[in-house]
Amino acid sequence: MSENKEFNPSCPISISDYPNVLLAHGSGGTLMNQLIDGVFKIAFKNKELHKSHDAAVLNIDSSKIAITTDSYVVDPLFFPGGDIGSMAIYGTINDLAMSGAMPIALSVGFILEEGLEMEKLIKVVNSMQVAANKAGVDIVTGDTKVVDRGKGDGIFINTTGIGLIKHNMSIEPSSVVDGDAIIISGDIGRHGIAIMAVREGLEFSTFIESDSAPLNGLVSKLIDSKIEIHCMRDLTRGGLASALVEIAKTSNSQITIDENNIPVREDVRGACEILGFDPMYVANEGRFIAFVKRDDVNKALNIFHSDELGKDAKCIGYVSADKPGSVTMRSCIGTMRVVDMLSGEQLPRIC
Ligand code: MG
């Protein structure tokens, strides 16, 4: 039984510094983490929540069941490489996969704005079913609410997923240990740049489309091959940098990475320079990092490379115990720099 205690919002951050919610509170950076730690985790205090993982893992009888939820508010609804519907399926599937769970079923909640064209809704819904087929899962329950014209933005979607864990590994940030190798599944930055290009009406000389994709197939191959996986994290809001910092802090370890090994397409790098973004912080929807036992790194890379979604995978660095909670990067020119989370908002409404 949980304690029947009144919620007291006295928290480690000064909420008085932010009397109102900012867009940056949803950005995946420092402010979002402060909101989660300082408000939600204090109100909803429990062991699973405090593991700070993509999905919670519940022991039910003799089964390990993963549960996760995510809401999608991306603007625009349709973008190169995907739309809000496919992303709402893949995002939740991917959060289940990051705990090593294979999806069993999804629920979907729609918040629709009065006046939304029915044709748009049908296009999104059909895209969701195509995505669910691709991920091998059914949408088994749902909910629909409609808000007044002007009080929504077309379509907001929430998806919840449950998954089954069939192995004995604890794939979570606290399982990361000294010596682990860190593998990235492919190039970074395409989702954020694809969204920005549509939103800002930008045209690049090459076609940049979102990397949005379901990761459960690749993760399943890694698990089946008996590779010792300690943690995985998909590189959504806040990008690679925020994922690394979150894991370094939760696991109380130091992470050192090499910029030369982080794949970024030249056109994406160019677009980032024009827009003033660092690809390390740009959101992805089909990329992840895996922390594996150092002895297993070559075996793991072979499995990544055998899959279309991991064909450009690289080992980007290692875990050590030197400076707990920190992330350091050797830059292209050989200098070392500290990697931290962004405090403000780089790209709002990206997912
Ligand atoms: Mg995630």
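Draft legend 1. Just the coordination of the magnesium ion, in detail. Protein-derived coordination of the magnesium ion comes from Asp54 (OD), Asp95 (OD) and Asp234 (OD), at a distance range of 2.1 to 2.7 Å. Sequence positions of the donors to the magnesium ion reduce to the motif D-x40-D-x138-D. Residue Asp54 is found in the loop between helix 1 (30–43) and strand 1 (56–60), and its partner Asp234 is found in strand 9 (residues 229–234); the two are separated by 180 residues along the sequence. Given a relative accessible area of 15%, Asp54 falls into the buried group. Judged by relative accessible area, Asp234 falls into the buried class, the value being 6%.

Draft legend 2. Region of interest: the nonpolar core. Of all hydrophobic cores here, the largest spans 64 residues; its most connected members are Leu240, Ile289 and Phe291. Aside from chain neighbours lying at most four places away, what touches Ile289 is Ile182, Ile183, Ile184, Cys231, Met232, Arg233, Leu235, Leu240, Ala243, Leu244, Ile247 and Ile316. Listed in part, the 24 residues of the second largest apolar core include Met98, Ile171, Ile183 and Val292.

Draft legend 3. Structural detail: unusual backbone geometry. For the bond running from Asp75 to Pro76, omega is 10°, close enough to zero to count as cis. Located in the positive-phi region is Lys226, a residue other than glycine, with phi close to 70°. By the secondary structure assignment, Lys226 is in the loop between helix 5 (216–224) and strand 9. Given a relative accessible area of 69%, Lys226 falls into the exposed group.

Draft legend 4. View of the packing of aromatic side chains. All told, the structure shown has 2 aromatic pairs when counted by the stated rule. Ring plane angle 5° and centroid distance 6.3 Å describe the contact between Phe40 and Phe44, whose orientation is recorded as stacked. Here Phe40 falls in the partly exposed class, since its relative accessible area comes to 36%. When the ring centre of Phe78 is taken as origin, the NZ or CZ atom of Lys123, which lies over that ring, is 4.4 Å away. Between the NZ or CZ atom of Arg294 and the centre of the ring of Tyr318, over which it lies, the distance is 3.9 Å.

The rules behind each value
- Residues numbered from 1 in each chain as written.
- Predicted model: local features only at pLDDT ≥ 70, side-chain atom pairs only at ≥ 80, totals over all residues.
- Heavy atoms only, no water.
- Donors = N, O, S within 2.8 Å, 3.2 Å for Na, K, Ca; no water.
- Helix = DSSP H or I, 4+ residues; strand = E, 2+ residues; numbered from the N terminus.
- Buried < 20%, exposed > 50% of the residue type's maximum accessible area, 1.4 Å probe, protein only.
- Core = buried A, V, L, I, M, F, W, Y, C linked by side-chain atoms within 4.5 Å.
- Contact = heavy atoms within 4.5 Å.
- Phe/Tyr/Trp six-rings, centres within 6.5 Å; stacked < 30°, edge-to-face > 60°.
- Lys NZ or Arg CZ within 6 Å of the ring centre and 35° of its normal.

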